[in-house]
Structure formats: structure tokens, C-alpha cells
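# Descriptive analysis of the structure
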Amino acid sequence: MKRGGSDEAKRRAGESAVEAVEDGTVVGLGTGSTTAHAIRALGEAVENGLDVEGIPTSYQSRELAREVGIPLTTLDDATPDIAIDGADQAAEGDLIKGGGAAHAREKLVDAAADRFLVVVDDSKLADALSVPVPVELLPDARTTVADRVRDLGGDPALRAAERKDGPVVTDNGNLVLDCDFGEIGDPAELAATLSTVPGVVDHGLFVGLADEIHVGSADGVTVRRPES
Ligand code: 5RP
């Protein structure tokens, strides 16, 4: 699905992050159109002799990694040295992710990595997080989680599939509520609260996880290092 700015800016960000990947390492492979540029660039590096293994975060990233020849492993067998992943919005070091409904596995892999590199085009930068927060939930929890989100001041909308009747079903067999909280004053507090709601598998607030943000634009790439 098309999200964010120009494909050229996304490519610059993805390729910039791949320059940080060292020989003999394990790489977490995020999901989405910006990360897809990174996966293709990593595939090219593998073809030129770079020795890496990838840990995919979704059906999409696994298929693309296989297509471009990146050997794969799992979190059971390896710890990622570095993870490269996109975002729907970035404010300082905090992110909203889950536009591709892959945020539960993305958070698992990104948080496990020694270094987490975010790749975005400059349309994703904001002063404060404000796009709807994707919440993955067990199918039976749809009504109870939606009620709790309303209690917290959010407006939940069940994500509908585009080329299937009915809702999006995640790679994990769950549903997604896109929860509009407007401008989020305290992302850490909202993230912690959402994590305690029964039936929530995970949400798209990634607070304090990013080590670097590679921002592609029409002119080039800048790398931001959020203060931890
Ligand atoms: C998928 C994600 C993506 O990384 C995020 O939606 C950004 O995607 P894109 O690079 O296509 O704009 O979180 O769940």
C-alpha cells in the first residue's frame, strides 16, 4: 500500500541504513515500502559477497528477502545485531508503526536488535505523534478493546481489507483497530496503558526504541540520533 512521500526519498533512506550493516551480522528486516528498498539493497550486497542472515517481520519481508537471496534465520536461533524498519510517523525518537499491520512482529524483532535503524521519507516527520495508533487484538476482544480505547479518549476504527470483504486479518490471525487519539501528549504513558488492556496483542507506539532515523528527501539523506 502507498504511504508517505516519494519513492525516491524512501529508496535513499533504505539504502543509507544498509550501509551500516557489517559482515557476519544478523539483520532484522522490517515491513513496508521503505524497508523494501533496504531489503533489495541488502540483497545486492549479499550477491556481492556480504555474509548476513535476516530475520523477517512479516510474510511480505520474508518473501522479498527470499526473492533477493538473503539467507534467513529466526529469533529462536539468533539475535539481530541491527534492525531496519520503516514508520508511519516519527517525532523525536518516538514512532507510530503498523500501517502494514505488522507492528507486533516488528516490535519483537526491532526491540531485540542491538541497534534499531528507522527508515522514513521526510513526509513522516512530525513535532508530535498524531496519526491513528494501530492496535492488534485477538478477534474475540474487538468490542472490549474498542470500549477501553474510547475510555482512554480514542476513536477506534476496525481496519477494513481492501481486496477482500471484511476486516484485515494480520499475519498472526488477529484484527487491527486504528485508534485516533489526536495529538498524543505522552506517548510513553499511552503505550504503557494500551499494553495492559486484555486482548491487545501489541500496538504501534514504539517509544524510545530507535537508535537512528535515516530520513530520505528530494535532496539526500540525513541521519538523526535521538537522545536516549
Ligand atoms: C508496517 C509498518 C511500516 O514500516 C510502516 O507502515 C511504513 O510503511 P511505508 O514504508 O510503506 O510507508 O509499520 O506495519
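Residues numbered from 1 in each chain as written. Predicted model: local features only at pLDDT ≥ 70, side-chain atom pairs only at ≥ 80, totals over all residues. Heavy atoms only, no water.

### Let's talk about the site of the ligand
- Residues in contact with the ligand amount to 19 residues; listed here are only the nearest, Thr31, Ser33, Thr34, Asp88 and Lys124.
- Glycine 86 is positioned with one of its backbone polar atoms (N or O) 3.5 Å from an oxygen atom of the ligand.
- In the model, an oxygen atom of the ligand is placed 3.5 Å from a nitrogen or oxygen of the alanine 101 main chain.
- Protein chains shield 100% of the accessible area of the ligand, which is 380 Å² for the free molecule. (Near = heavy atom within 4 Å. Polar contact = N/O pair within 3.5 Å; in protein donor to acceptor, adjacent residues only side chain to side chain. Areas by Shrake-Rupley, 256 points an atom, 1.4 Å probe, with all protein chains shown as cover.)

### Focus: the pairing of strand β13 (residues 221-224)
- Sheet topology places strand β12 (residues 212-216) next to β13; four bridges connect them, and they run antiparallel. Pairing of valine 215 across the sheet is with threonine 222, part of β13.
- Counting the residues between successive antiparallel strands, the hairpin from β12 to β13 contains four residues. (Pairing = 2+ DSSP bridges. Helix = DSSP H or I, 4+ residues; strand = E, 2+ residues; numbered from the N terminus.)

### Observations concerning the pattern of salt bridges
- Counted by the stated rule, this structure contains 13 salt bridges.
- The partner of lysine 97 in a salt bridge is aspartate 85, and the shortest N-O contact between them spans 3.1 Å. Here lysine 97 is found in the loop between β5 (94-96) and α4 (103-112), whereas its partner aspartate 85 is found in strand β3 (residues 82-85), with twelve residues between them in sequence.
- Taking the relative accessible area as the measure of exposure, lysine 97 reaches 2% and is therefore buried.
- Note on aspartate 85: relative accessible area 0%, which makes it buried.
- Put simply, lysine 107 and aspartate 202 hold a salt bridge, and the shortest N to O gap is 2.9 Å. On the criterion of sequence distance, the pair formed by lysine 107 in helix α4 and aspartate 202 in strand β10 (residues 200-203) is long-range, its members being 95 residues apart. Taken individually, lysine 107 and aspartate 202 each receive the classification buried, so the pair is uniform in this respect. (Salt bridge = Lys/Arg side-chain N within 4 Å of Asp/Glu carboxyl O. Buried < 20%, exposed > 50% of the residue type's maximum accessible area, 1.4 Å probe, protein only.)

### Things to note about the sheet that holds β10
- The strand order across the open sheet formed by four strands is β8-β9-β7-β10, and the pairing between neighbours is antiparallel. The open sheet has two free edges, formed respectively by β8 (155-158) and β10, since each of these has just one partner strand. When the angles between neighbouring strand axes are averaged without regard to direction, this sheet yields 30 degrees.
- Note: strand β7 (residues 133-137) against β10, three bridges, orientation antiparallel. By the bridge assignment, valine 135 is partnered in β10 with histidine 203.
- Its contacts with the sheet put α4 on β7 and β10, and the angle it makes with β10 is roughly 65 degrees. (Axes fitted to C-alpha atoms, helices over the stretch in contact; angles between N-to-C directions. Contact = heavy atoms within 4.5 Å.)

### Looking at the side chain of threonine 34
- Among the structural elements, threonine 34 can be located in helix α2 (residues 33-47).
- The contact partners of threonine 34, leaving out residues within four places of it in the chain, are Lys10, Ala13, Gly14, Val119, Val120 and Lys124.

### Thoughts on the sheet that holds β12
- Ordered by their spatial adjacency, six strands build an open sheet running β2-β1-β3-β6-β12-β13, and the pairing between neighbours is mixed. The open sheet has two edge strands with one neighbour each: β2 (52-56) and β13. Across the sheet, the axes of successive neighbouring strands diverge by a mean angle of 20 degrees, strand direction being ignored.
- In the sheet, strand β6 (residues 115-121) pairs with β12 via five bridges, with the strands oriented parallel. By the bridge assignment for β12, valine 120 is matched with valine 215.
- Docked against the sheet, α2 engages β1 (25-29), β2, β3 and β6, running at close to 150 degrees with respect to β1.

### Side note on the domain arrangement of the protein chain
- Domain assignment breaks the protein chain into domain 1 (7-125 + 207-224) and domain 2 (133-201).
- For domain 1 and domain 2, the distance between their C-alpha centroids amounts to 24 Å.
- Facing the 13 residues of domain 1 at the interface are 15 residues of domain 2.
- Both sides of the domain 1 and domain 2 interface together cover about 920 Å² of buried area, and 58% of this is carbon and sulfur.
- Joining domain 1 to domain 2, the criterion identifies zero salt bridges.
- Summed over the shared surface of domain 1 and domain 2, the result is seven residue pairs in polar contact (both at pLDDT 80 or more). (Domains from an automatic or database assignment. Buried area = accessible area lost by both parts, 1.4 Å probe.)

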